[in-house]
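Residue-level structure breakdown
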Amino acid sequence: MQYKRAHFVGLAALMVATIGTVTCYAAQTTTSGPWKLGNITVEQAWGRVTPGGSRTGAIYLIIHNTSPNDDLLLAVDSSAAQTTAVHESRIVDGVASMEALPVGIPMPSHGEVVMQPGGIHIMLTGLSKALIVGSTIPVKLVFQEAGSLDFEVPILPLGTADPTVTHAGHGTNP
Ligand SMILES: [Cu+2]
């Protein structure tokens with residue numbers, strides 16, 4: 001019994017790996033954007049599912065504020081999740097953890113806020129359905145000055161190298 005069970009798990013893992021490879025070529029594998037709202041530009045948005053069938057996901061993106069004035073990110077929301085919050089990951093004494101940032105995240109004039117793995121991210125909990133690679137998830141950002149911006153974020157495969165970093169390698173930032 002024990003042997004059969006282990007064998008089945010191994011087979012299932014192989015099937016998942018095979019399907020994952022096929023999906024990888026069929027699905028959208030690039031970030032999305034840019035979207036503009038007044039002086040705010042959101043770009044390089046992508047989402048990643050946490051493993052294990054968890055109904056939890058994370059969204060990464062870059063926000064530019066080209067306004068001469070500072071702005072504030074007042075709220076994040078997604079109709080696909082029960083809770084949407086901005087988190088920051090930290091490593092303290094070798095242990096990774098994350099905490100919710102207080103409401104009102106500064107968007108400095110002529111500055112940018114980079115949300116990426118290992119740092120600031122939009123955390124989705126209580127997803128209504130598992131995020132599937134190649135699908136998109138609706139996200140809403142609300143800024144104090146610029147107003148409210150809705151867009152769809154593509155879900156990229158698990159194990160994808162951070163596409164924001166890859167993209168930066170082709171730009172002016174090494
Ligand atoms: Cu988080």
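Values in this document were obtained by computation on a predicted structure and should not be read as measured data.

What about the overall build of the protein chain?
Across its full length, the protein chain holds 2 helices and 11 strands. Relative to its full complement of 174 residues, the protein chain shows a buried share of 23%. Taking as baseline every contact in the protein chain between residues at least 6 positions apart, the subset at least 24 positions apart corresponds to 67%.

Details of the sheet that holds strand S11 (residues 147–154)
Strand order in the open sheet formed by 4 strands is S7-S4-S10-S11, with antiparallel pairing between adjacent strands. Of all strands in the sheet, those bounded by a partner on one side alone are strand S7 (105–107) and S11. Across the sheet, the axes of successive neighbouring strands diverge by a mean angle of 35 degrees, strand direction being ignored. With 8 bridges joining them, strand S10 (residues 136–143) and S11 adopt antiparallel strand pairing. Counted as the bridge partner of Thr-136 is Pro-154 from S11.

Focus: the pairing of S10
Side chains on a regular strand alternate between the two faces of the sheet. Side chains Ile-137, Val-139, Leu-141 and Phe-143 project from S10 onto a buried face, and the interleaved Thr-136, Pro-138, Lys-140 and Val-142 project onto a face without burial. Examined bridge by bridge, strand S4 (residues 71–77) and S10 share 4 bridges and lie antiparallel to one another. In the sheet register, Leu-73 faces S10, and the bridge partner there is Phe-143. With antiparallel pairing between neighbouring strands as the criterion, S10 and S11 make up a hairpin whose turn holds 3 residues.

Here we look at the environment of Gly-53
Tracing the backbone shows Gly-53 in the loop between strand S2 (40–49) and strand S3 (56–65). For the pair formed by Gly-53 and Lys-129, sequence separation is 76 residues and the distance between their alpha carbons is 9.8 Å.

Points about the environment of Ser-32
Assignment of secondary structure puts Ser-32 in the loop between helix H1 (2–26) and strand S1 (35–37). Using a count of 19 C-beta atoms within 10 Å as the deciding quantity, one classes Ser-32 as partly exposed. Each C-alpha atom, one on Ser-32 and one on Val-153, is 6.4 Å from the other, the two residues being 121 residues apart in sequence. Once residues lying within four places of it in the same chain are set aside, the contact partners of Ser-32 are Ala-45, Trp-46, Glu-152, Val-153 and Pro-154.

Remarks on unusual backbone geometry
Of note, the bond from Gly-33 into Pro-34 is cis; its omega dihedral lies within 30 degrees of zero at 5 degrees. Considering the arrangement of structural elements, one finds Pro-34 in the loop between H1 and S1. Unusually for a residue other than glycine, Gln-44 sits at a positive phi of about 50 degrees. Among the structural elements, Gln-44 can be located in strand S2. The phi dihedral of Asp-93 is positive, around 55 degrees, even though this residue is not glycine. Within the secondary structure, Asp-93 is located in the loop between strand S5 (81–92) and strand S6 (95–100). For Asp-93, a count of 4 C-beta atoms within 10 Å gives the class exposed.

Comments concerning the nonpolar core
One finds Ile-59, Leu-61 and Ile-122 to be the most contacted residues of the largest nonpolar core, which totals 29 residues. Only S2, S3, S5, strand S9 (120–127) and S10 provide two or more residues apiece to this core. Take this core: its biggest share by element is 6 residues, from S3. Excluding its chain neighbours within four sequence positions, the residues that come into contact with Ile-59 are Ala-45, Gly-47, His-121, Ile-122, Leu-124, Val-139 and Val-153.

Observations concerning the confidence of the model for the protein chain
Looking at the protein chain as a whole, its pLDDT mean stands at 80, while 72% of the residues score no less than 70. Note that residues 1–26 has pLDDT below 50 and, in this model, 7 contacts with residues that lie over four places away or in other chains. Contacts for the low-pLDDT stretch residues 165–174, under 50 throughout, to residues beyond four places or in other chains number 4 contacts.

Calculation notes
- Residues numbered from 1 in each chain as written.
- Predicted model: local features only at pLDDT ≥ 70, side-chain atom pairs only at ≥ 80, totals over all residues.
- Helix = DSSP H or I, 4+ residues; strand = E, 2+ residues; numbered from the N terminus.
- Buried ≥ 20, exposed ≤ 12 C-beta atoms within 10 Å, placed from the backbone.
- Contact = placed C-beta atoms within 7 Å.
- Pairing = 2+ DSSP bridges.
- Axes fitted to C-alpha atoms, helices over the stretch in contact; angles between N-to-C directions.
- Core = buried A, V, L, I, M, F, W, Y, C linked by C-beta atoms within 7 Å.
- pLDDT = per-residue confidence, 0-100.

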